[in-house]
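# Tertiary structure, described
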Amino acid sequence: MPEWPEMEHYRTQLSSLLGGKRITGVVVNREGSINEPPEAFANALANRTILFVERRGKHLLFHLDDGNRLLLHLMLGGWLYYGTEAKKEDSRFQVIIRLFDGNSLYFGGLRLGYLHLVSAKSALEQMKQLGPEPFDQRLTLEAFRKLFSGKRGRLKTALTDQKFIAGIGNCYSDEICFEAKLHPARSVPDLDAAAIERLYAAMRKVLIEAKEAGGYMEHPLTENDNVTGGYNSRCLVYDRGGEPCIVCGHEIQHETLSSRKMFYCPQCQGTA
Ligand SMILES: [Zn+2]
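An account of the accompanying structure is given in this report. (Residues numbered from 1 in each chain as written. Predicted model: local features only at pLDDT ≥ 70, side-chain atom pairs only at ≥ 80, totals over all residues. Heavy atoms only, no water.)

## Observations concerning the sheet that holds strand S5 (residues 79–84)
- In space, the eight strands of this open sheet follow the order S5-S7-S6-S1-S2-S3-S4-S8, with antiparallel pairing throughout. Sheet topology places S5 and strand S8 (114–118) at the edges, where each strand pairs with a single neighbour. Recorded for the sheet is a direction-independent mean angle of 30 degrees between the axes of neighbouring strands.
- Pairing of strand S1 (residues 21–28) with strand S2 (residues 49–56) involves two bridges; the strand directions are antiparallel. Note on S2: the bridge partner recorded for Arg22 is Thr49.
- Its contacts with the sheet place helix H1 (residues 4–18) against S1, S2, strand S3 (59–64), S5, strand S6 (93–99) and strand S7 (103–108), and it is angled at close to 165 degrees to S2.
- Lying over the sheet, helix H2 (residues 38–45) contacts S1, S3, strand S4 (69–73) and S8, oriented at roughly 170 degrees with respect to S1. (Pairing = 2+ DSSP bridges. Helix = DSSP H or I, 4+ residues; strand = E, 2+ residues; numbered from the N terminus. Axes fitted to C-alpha atoms, helices over the stretch in contact; angles between N-to-C directions. Contact = heavy atoms within 4.5 Å.)

Written out as structure tokens, the structure is:
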């Protein structure tokens with residue numbers, strides 16, 4: 001599932017591609033991906049202009065000129081493509097937004113993912129449930145420490161809890177724990193001040209590096225895009241069970257924690 005780096009990468013790319021562009025039409029191939037009857041959805045979007053694109057947690061919010069928002073969550077398997085219809089087979093996409101300049105924004109892989117048309121108030125209400133953004137200026141080391149001081153349970157479970165911190169999922173929680181040299185199943189109340197400080201630095205380092213490398217999405221965003229997915233081969237532990245750790249050579253372990261996949265190096269990250 002796309003996480004902070006993937007969605008932040010999409011946000012920056014789409015902001016320049018979509019900002020100020022008028023919607024001329026909408027194709028809905030899967031009604032379950034939207035929250036209104038297709039015709040009403042298409043009518044509400046026709047002739048609206050996309051002002052800018054915002055990201056909150058793993059969501060993208062497309063701000064429209066009538067004050068409403070398109071709220072996107074890609075969930076597992078969702079992805080985006082931007083370009084001309086000649087290049088893509090339309091039926092492969094659940095929703096397509098046509099723009100006045102001949103380009104379209106294509107929404108693929110939306111099975112659990114969704115694109116909802118909501119009011120500003122409703123969007124705000126839904127986003128209110130999320131925890132702080134990893135790079136919120138108010139989330140200083142001190143605030144991060146405070147946040148963790150009230151948390152119980154396992155480290156990976158805390159990092160992937162969207163109501164605790166927004167935007168981190170299965171992949172980057174493992175990468176952050178590896179960078180911080182902490183076992184992902186460590187008990188949060190057992191983490192000392194030095195561990196929390198390493199965790200804070202690791203979160204910021206891993207997320208920014210992954211975003212700058214283009215995240216791990218498999219599909220390019222545009223025809224000539226060679227940035228998206230650049231981080232795919234750079235994960236150090238995630239999905240590398242059985243491979244040698246690049247730091248110490250020990251075999252990377254693959255276990256399950258609360259029905260989530262968990263990858264770690266027992267030598268570098270110690271025990272739970
Ligand atoms: Zn190691």
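Picking up where we left off.
## Quick notes on the coordination of the zinc ion
- Distances from the zinc ion to its protein donors, Cys245 (SG), Cys248 (SG), Cys265 (SG) and Cys268 (SG), fall at 2.2 to 2.4 Å.
- When the donors of the zinc ion are listed by position in the chain, the intervening gaps give C-x2-C-x16-C-x2-C. Here Cys248 is found in the loop between helix H7 (193–212) and strand S9 (253–257), whereas its partner Cys268 is found in helix H8 (residues 266–269), with 20 residues between them in sequence.
- Since its relative accessible area comes to 14%, Cys268 is described here as buried. (Donors = N, O, S within 2.8 Å, 3.2 Å for Na, K, Ca; no water. Buried < 20%, exposed > 50% of the residue type's maximum accessible area, 1.4 Å probe, protein only.)

## As for the packing of helix H6 (residues 170–179) against H7
- One way to put it is that H6 packs onto H7 with a least axis distance of 8 Å and a crossing angle of 125 degrees. Classed by the angle they form, the pair H6 and H7 counts as oblique. For the pair H6 and H7, the sense of crossing is right-handed. Seen from H6, the contacting residues are Tyr172, Glu175, Ile176 and Glu179; seen from H7, they are Leu199, Ala202, Met203, Lys205, Val206, Leu207 and Ala210.
- Here the residues of the contact of H6 with H7 sort into eight nonpolar, no polar and three charged. (Parallel < 35°, antiparallel > 145°, perpendicular 65-115°, else oblique. Left-handed = near helix turned anticlockwise from the far one by under 90°. Nonpolar A, V, L, I, M, F, W, Y, C, P; charged D, E, K, R; others polar.)

## Let's talk about the pattern of salt bridges
- The full count for this structure, using the stated rule, is 16 salt bridges.
- Put simply, Lys205 and Glu179 hold a salt bridge, and the shortest N to O gap is 3.5 Å. Placement of Lys205 in helix H7 and of Glu179 in helix H6 is noted, with a sequence separation of 26 residues between them.
- We classify Lys205 as partly exposed; its relative accessible area is 38%.
- For Glu179, a relative accessible area of 32% gives the class partly exposed.
- Of the charged contacts in the structure, one is a salt bridge between Arg240 and Glu243, with a shortest N-O distance of 2.7 Å.
- Given the relative accessible area of 32%, Glu243 is considered partly exposed.
- It is possible to trace a salt-bridge network through shared partners that takes in Glu8, Arg11, Arg55, Arg56 and Glu133. (Salt bridge = Lys/Arg side-chain N within 4 Å of Asp/Glu carboxyl O.)

## A look at the packing of H1 against H7
- Where H1 contacts H7, the axes come no closer than 8 Å and their chain directions differ by 45 degrees. In this view, H1 runs oblique relative to H7, as classed from their interaxial angle. The two elements H1 and H7 cross, and the hand of that crossing is right-handed. Contacts from Trp4, Pro5, Glu8, His9 and Thr12 in H1 reach Leu207, Ile208, Ala210 and Lys211 in H7.
- Counted by class, the contact of H1 with H7 contains five nonpolar, two polar and two charged residues.

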